[in-house]
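Working through the structure, step by step
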Amino acid sequence: IRDELLKILFGVWDHIKNYGHHRAENFALDWIGFLPGKRESRRFIGDYILTQNDVEKSTLFPDRVAYGGWPIDLHPPEGIYCKRGPNGPVRELKSPYSIPFRCLYSKNIENLMFAGRNISTTHVAFGSTRVMGTCSVEGQATGTAAFLCKKYKITPKLLCKKHIQKLQQQLLKDDCYIINLKNEDPEDLARSAKVKSSSSRKLEVTGISGVTPLDRPLAQLLPLSSNFINHISLHLHSSLKKPISLSLYLRKAEHLFDFTSNKNLLATSATVPPGNSWVDFPIKQKFSRGLYWLYLPKKTGIGWFFSKKETPGLNSAAFDAKLKRWQPGRADYCFKIEPVQRPFSPENVINGITRAEGWDNIWISEKGFPQYLELEFKQKVRLDTLYLTFNTNLSNYLSLDYLKGMDKSLKNWLPALGRIPETVKDYALYYWKKSWVKFIEVEGNYQRRRKHQFRRPITTSRLRLKISATNGSPEAMVYEIRVY
């Protein structure tokens, strides 16, 4: 196989260099790889085989322990010799899908588990599960399962039957994400506490990075926290000389990537004047708490201002006429809501979910420091361990510093590796004993997850997390606090 691949490679290079009109006369081949990488390898059979239907329909398995979201990306076994071409069709997925534990252990070898490209899937499902991000979360699930098998002295098959909830809860405790599963750890004291904060950010996007023309329909997904909306204001640009009417439609979303609904909950319109302006679209309607998305139809001469600063729980999309579906974007369109919505409330830090999913699931403060979160317990509790989960913007691009200079078009999207602006940098922990007593102080943090365990247990009725600085963001953000 290696020799055949080298023959193909040098044959292609010979064509580029010596035949046709490729303008490569003065090019030199500097380096090639000599070790072939297998895109697809043998797969083991587990108690369940993940299928294309499971991937495309996002089947929620009761024993789910990992997830994927990469498109189904198939290459024909014939490779470059395939008459249809070396690449097969790419099937985009509407949402992430779950991977059951039954795909990670052998059907007939009782002490064999696996993770990565060898898990129990069909050839087509493998076209999505094969990528490194998906393989890595499978690896953590398998490693955690091995620990529990040893702890309970049972096989993986029995672990799946008798203790799958313990495996899932341990993964959540270790900051893994499992679709539609939340923290239900009975030992977590924070779950029953009351939470308050110094402030909570209101729901709006006002910073301007540019404007997107309405040469195709555009959409913005957002979490609505209160039941009555008077109006929604959009920051628009009109290159027309006269005012023009523009329609707005509102639809329901089930999760952060859901732009599939065709049912309009509301249709309204407003007049857009020439130039740049905030345009009020009347709503005057009640809505239940949840995710919604609004969209503007195609309109020549009109543009919608956007901000590249992404906010958890928000998402945008543009309609692709060729693919006939909404394609999520990497910016948020500018809007305001009246009355003010505050979905980034402090209660989110104990709701059991540490990713934006069916809700934003994060506390975000107003601008300025210091900011604080406070937990008040029903009675005095004895504790010795705290888990803090901050925001490292897992949806953002990451790079080394030098990549900023290499790609100027992405300079605002590529923070230095390990220094995400949204991540809390300096913070302190206090407990109440007639007054606030500081017992932990951290400076220079860049990690999403921090575990603080102390030798002498603390007995108290209140805890406070005081945040003095982030790595660049003007707002403090916290996904979760756990107390043991």
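In case you missed it, the structure is sitting above this.
Our subject in this report is the structure included herewith. (Residues numbered from 1 in each chain as written. Predicted model: local features only at pLDDT ≥ 70, side-chain atom pairs only at ≥ 80, totals over all residues. Heavy atoms only, no water.)

1. Things to note about the overall build of the chain
- In terms of regular secondary structure, the chain is built from 7 helices and 23 strands.
- Reported as C-alpha extents along the three principal axes, the dimensions of the chain are approximately 80 × 75 × 45 Å.
- Looking at the chain as a whole, 47% of its 484 residues are labelled buried.
- At a minimum sequence separation of 6, the contacts of the chain that also span at least 24 residues come to 76%.
- Taking the average location of the 74 positive side-chain charges in the chain and that of its 45 negative ones, the two points are 3 Å from each other. (Helix = DSSP H or I, 4+ residues; strand = E, 2+ residues; numbered from the N terminus. Buried < 20%, exposed > 50% of the residue type's maximum accessible area, 1.4 Å probe, protein only. Contact = heavy atoms within 4.5 Å. Lys, Arg positive; Asp, Glu negative; His and termini not counted. Charge placed at Lys NZ, Arg CZ, Asp CG, Glu CD.)

2. Quick notes on unusual backbone geometry
- Here the amide bond leading from Glu338 into Pro339 is cis, since omega sits at 0 degrees, within 30 degrees of zero.
- Along the chain, the position of Pro339 falls in the loop between β17 (335-338) and β18 (363-364).
- The omega angle of the peptide bond from Phe369 to Pro370 is 5 degrees, so this bond is cis rather than trans.
- Secondary-structure assignment places Pro370 in the loop between β18 and β19 (371-390).
- The backbone of Asn361 shows a phi angle near 55 degrees, a positive value even though the residue is not glycine.
- In this fold, Asn361 is placed in the loop between β17 and β18.
- Residue Asn361 is classed as buried on the basis of its relative accessible area of 2%.

3. So, empty space enclosed by the protein
- Enumeration over the complete set of coordinates arrives at 2 cavities of 30 Å³ or more.
- Considered as a void within the structure, the largest cavity measures approximately 60 Å³ in volume.
- Around the largest cavity, the lining residues are Leu373, Leu375, Leu386, Leu388, Leu429, Leu463, Arg464, Leu465 and Ile481.
- Elements that contribute at least two residues to the lining of the largest cavity include exactly β19 and β22 (449-470).
- The element best represented in the lining of the largest cavity is β19, accounting for 4 residues.
- Within this model, the second largest cavity holds a volume of roughly 50 Å³.
- What lines the second largest cavity is Leu172, Cys176, Asn183, Gly352, Ile353, Thr354, Glu480 and Arg482.
- Here the residues of the lining of the second largest cavity sort into 3 nonpolar, 3 polar and 2 charged. (1 Å grid on protein atoms, 1.4 Å probe; cavity = no way out; pocket = protein on both sides within 12 Å on 5 of 7 lines; lining within 4 Å. Points joined across faces, edges and corners; volume = space filled by probe spheres on them. Nonpolar A, V, L, I, M, F, W, Y, C, P; charged D, E, K, R; others polar.)

4. Structural notes on helix α4 (residues 132-152)
- With 21 residues, α4 should cover 30 Å at 1.5 Å per step; its first-to-last C-alpha distance of 30 Å lies within 8% of that length.
- Of the surrounding secondary structure, the elements contacted by the buried residues of α4 are β1 (64-68), β4 (97-100), α3 (123-129), α5 (156-162) and α6 (164-173).
- The first or second residue beyond α4 is Lys153, which carries a positive phi of 55 degrees. (Expected span 1.5 Å × (residues − 1).)

5. Focus: the nonpolar core
- By size, the foremost hydrophobic cluster in this structure holds 39 residues, and its most contacted members are Leu234, Leu236, Phe281 and Leu296.
- Among all residues touching Leu296, those that are not within four sequence positions of it are Leu214, Pro217, Leu218, Leu234, Leu236, Leu246, Ser247, Leu248, Phe281 and Trp304. (Core = buried A, V, L, I, M, F, W, Y, C linked by side-chain atoms within 4.5 Å.)

6. Digging into the state of the cysteines
- Here the structure, examined in full by the defined rule, presents 0 disulfides.
- Looking at Cys176, it has no disulfide partner, and the nearest cysteine sulfur is the one in Cys135, 14 Å off. (Disulfide = S-S within 2.5 Å.)

7. Digging into the pattern of salt bridges
- Following the criterion strictly, the structure yields 21 salt bridges and no others.
- With a shortest N-O distance of 2.5 Å, Glu56 and Arg91 are connected by a salt bridge. Taken together, the positions of Glu56 in helix α2 (residues 52-57) and Arg91 in strand β3 (residues 90-91) put the pair 35 residues apart, joining distant regions of the chain.
- Among the ionic contacts, a cluster of salt bridges with common partners joins Lys196, Glu374, Arg462 and Arg464. (Salt bridge = Lys/Arg side-chain N within 4 Å of Asp/Glu carboxyl O.)

8. Let's talk about the sheet that holds strand β15 (residues 325-328)
- Reading across from one edge, β10-β9-β12-β7-β14-β15 is the order of the 6 strands in this open sheet, with antiparallel pairing throughout. Where the open sheet ends on each side, the last strands, each with one partner, are β10 (266-272) and β15. Direction aside, the axes of adjacent strands within the sheet are offset by 30 degrees on average. (Pairing = 2+ DSSP bridges. Axes fitted to C-alpha atoms, helices over the stretch in contact; angles between N-to-C directions.)

9. Section: α6
- For α6, the buried fraction is high: 7 of the 10 residues fall into the buried class.
- Residues of α6 that are buried include every one of Ile164, Leu167, Gln168, Gln169, Leu171, Leu172 and Lys173, and no others.
- Next to the buried residues of α6 lie β1, α4, α5, β19, β22 and β23 (477-483).
- Phi turns positive one or two residues past the end of α6, at Asp175, with a value near 70 degrees.

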